[in-house]
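Single-letter residue listing:
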Amino acid sequence: MSRHPELLIPASSLEVLKTAVIFGADAVYIGGEAFGLRAKAKNFSMEDMKEGIEFAHAHDVKVYVTANILAHNDDLEGVREYFEELKEIKPDALIIADPGVFEIAKEVCPEIERHVSTQANNTNYATYNFWYKQGASRVVSARELSMKELKELRANIPEDLEIETFVHGAMCISYSGRCLLSNYFTGRDANQGACTHPCRWKYAVVEETRPGEYMPVYENERGTYIFNSKDLCMIEYIPELIDAGIDSLKIEGRMKTALYVATVARTYRKALDDYQKDPEIYRKNMPWYLDQISNCTYRQFTTGFFFGKTDENSQIYDSNTYVKEYTYLGIIGEEKDGLYRIEQRNKFSVGETIEIMKPDGRNIEVAVGKIVNEDGEEQESAPHPKQVLYIDLAGQADKYDIIRRKE
């Protein structure tokens, strides 16, 4: 059976959800203000969630809500109340890791599909079949699985049980994302949404009888960031993913900006559509995909576990910083009297050449002609983050376009 996989994009806020929808998502996954694993993200109030679901559905895009904490006793009553609220706003699915939470969802809102999170350590077809019998319509594969294992898995599960697989974004160093480092070091539980990302920290060894004497940890001669994985990128392997029978290609990044989401969504959308149209078009356009996907922040790229065991080339030992080629400036809003409304994110100035990023793949350079604040006063630059401004972009922009500056 030939599958046309869904492109599943993360969103940290209502603004980013709309960007994901406009820039090519088939589905968007979001977190509410509780019971998800990105407590530090902006996340969605119930009102924003309702508006986001309505916006997505108006564009034939699905919305999945994460409820994938590993629940403690004190969480369960709140989970039940939360699902009662979600029942009213009708997301397309819930993403759940905990069997107890899964049972509550089945009882409270059986009409909402249940997807099993990667946090549930889904590494074999017997596990998939178990969850199918419990009523799951989709299971998210563990990131430790190879392409060969995924293909075997597909051959041994029901046709109507969907496989969702991460194909792009940050890699958690722990087994299927379950980590105790954050809780141990800071008291903030990664498995309840409060991860402090200690895998990105720099470590040294202290000998017990010599407190204060820090000896470097050498994984090799390049440095000491021993847990710091490169980012996953599978843009070059869409044929293999389709051949393996993957139903949903999932992008990591519910902490990311609208620029990141727009860049990744647009690039994978075009790659998927090109391949479905003609594999030769996909191969021919590969240089464009690779160039575009590097336009958002990333930590170098790896193919993770898809083609076998990882080695030292999957890690970054000398730094924990991102590669950054563009600065995010804002999202185009309504047009009025030739000026476009934006909520500015980073500084830019009159006369500066910036880039308008469009959902159809075009990137248009334009000089900023005028900047006007909400009081109607002109200003030479936009130095204050989150300031609402009206800017002259020579009529080149449309609502929901992204504006950015090349570094």
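Turning our attention to the pairing of strand β16 (residues 353-357). Counting buried positions along β16 yields four of five residues, so the element is predominantly enclosed. Bridging between β16 and strand β17 (residues 363-367) involves five bridges; their strand directions are antiparallel. Among the inter-strand pairings, Met357 is bridged to a residue of β17, identified as Asn363. Here β16 folds back onto β17, and the loop between the two strands holds five residues, one of which, Gly361, carries a positive phi near 105°. Bridge analysis of β16 against strand β20 (residues 402-406) gives three bridges, and the strand direction is antiparallel. If you follow Glu355 over to β20, its bridge partner there is Arg404.

The subject of this paragraph is the packing of aromatic side chains. For the coordinates displayed, the defined rule picks out eight aromatic pairs. Relative to Trp131, the ring of Phe102 lies with its centre 5.0 Å away and its plane at 55°, an arrangement referred to as tilted. Here Trp131 lies in helix α5 (residues 125-134) and Phe102 lies in helix α4 (residues 99-108), a separation of 29 residues in the sequence. Among the residues examined, Phe102 registers a relative accessible area of 1% and is labelled buried. We classify Trp131 as buried; its relative accessible area is 7%.

Attention now goes to the pattern of salt bridges. One pass over the full model with this rule turns up 25 salt bridges. One salt bridge in this structure joins Asp243 and Lys151, with 2.5 Å as the shortest N-O distance. Here Asp243 is found in helix α8 (residues 238-243), whereas its partner Lys151 is found in helix α6 (residues 147-155), with 92 residues between them in sequence. Of the residues examined, Asp243 reaches a relative accessible area of 49% and is grouped as partly exposed. What makes Lys151 partly exposed here is its relative accessible area of 42%. Put simply, Glu334 and Lys399 hold a salt bridge, and the shortest N to O gap is 2.6 Å. Separated by 65 residues along the polypeptide, Glu334 in the loop between β13 (326-331) and β14 (335-336) and Lys399 in the loop between β19 (388-392) and β20 bring together distant segments of the chain. Note on Glu334: relative accessible area 49%, which makes it partly exposed. Among the charged side chains, a salt-bridge network with shared partners connects Glu6, Arg138, Glu162, Glu164 and Lys250.

A word on a negative patch on the surface. On the surface, a cluster of negative charge is made up of Glu33, Glu47, Glu77, Glu81, Glu84, Glu85 and Glu88. For the negative patch, the element with the most residues is helix α3 (residues 76-89), which contributes five residues. Position of Glu47 among the secondary structure elements: in helix α2 (residues 46-58).

As a general point, the strands of a sheet are linked pairwise by backbone hydrogen bonds and lie either parallel or antiparallel. Read from one edge of the open sheet, four strands run β13-β20-β16-β17, paired in antiparallel fashion. Two strands lie at the open edges of the sheet, namely β13 and β17, each paired on one side alone. Adjacent strand axes in the sheet meet at a mean angle of 35°, parallel and antiparallel pairs treated alike.

Its volume calculated, the second largest pocket comes out at about 300 Å³. Lining the second largest pocket are 13 residues, and of these Glu15, Ile331, Ile332, Gly333 and Arg341 lie nearest its centre. If you list the elements that add at least two residues to the lining of the second largest pocket, you get α1 (14-22) and β15 (339-343). Top contributing element to the lining of the second largest pocket by residue count: α1, with four residues. A class-by-class count of the residues in the lining of the second largest pocket yields five nonpolar, two polar and six charged.

Turning to the packing of α1 against α2, a few remarks are in order. At their nearest, the axes of α1 and α2 sit 10 Å apart, and the two run at 10° to each other. By the angle class used here, α1 and α2 are roughly parallel. Along the contact surface, α1 presents Leu14, Leu17, Lys18, Val21 and Ile22, while α2 presents Asp48, Glu51, Gly52, Phe55 and Ala56. Classifying every residue of the contact of α1 with α2 by side-chain character gives six nonpolar, one polar and three charged.

Taken together, four strands build an open sheet; the order of strands is β14-β15-β19-β18 and the sheet is antiparallel. A single partner strand is all that each edge strand has here, and the edge strands are β14 and β18 (370-373). Pairing between β14 and β15: two bridges, direction antiparallel. Each residue of the ladder has a partner; that of Glu335, found in β15, is Tyr340.

Calculation rules
Residues numbered from 1 in each chain as written. Predicted model: local features only at pLDDT ≥ 70, side-chain atom pairs only at ≥ 80, totals over all residues. Heavy atoms only, no water. Buried < 20%, exposed > 50% of the residue type's maximum accessible area, 1.4 Å probe, protein only. Helix = DSSP H or I, 4+ residues; strand = E, 2+ residues; numbered from the N terminus. Pairing = 2+ DSSP bridges. Phe/Tyr/Trp six-rings, centres within 6.5 Å; stacked < 30°, edge-to-face > 60°. Salt bridge = Lys/Arg side-chain N within 4 Å of Asp/Glu carboxyl O. Patch = residues over 30% accessible without salt bridge, like charges linked within 9 Å, V, L, I, M, F, W, Y side chains within 5 Å. Areas by Shrake-Rupley, 256 points an atom, 1.4 Å probe, with all protein chains shown as cover. Lys, Arg positive; Asp, Glu negative; His and termini not counted. Charge placed at Lys NZ, Arg CZ, Asp CG, Glu CD. Axes fitted to C-alpha atoms, helices over the stretch in contact; angles between N-to-C directions. 1 Å grid on protein atoms, 1.4 Å probe; cavity = no way out; pocket = protein on both sides within 12 Å on 5 of 7 lines; lining within 4 Å. Points joined across faces, edges and corners; volume = space filled by probe spheres on them. Nonpolar A, V, L, I, M, F, W, Y, C, P; charged D, E, K, R; others polar. Parallel < 35°, antiparallel > 145°, perpendicular 65-115°, else oblique. Contact = heavy atoms within 4.5 Å.

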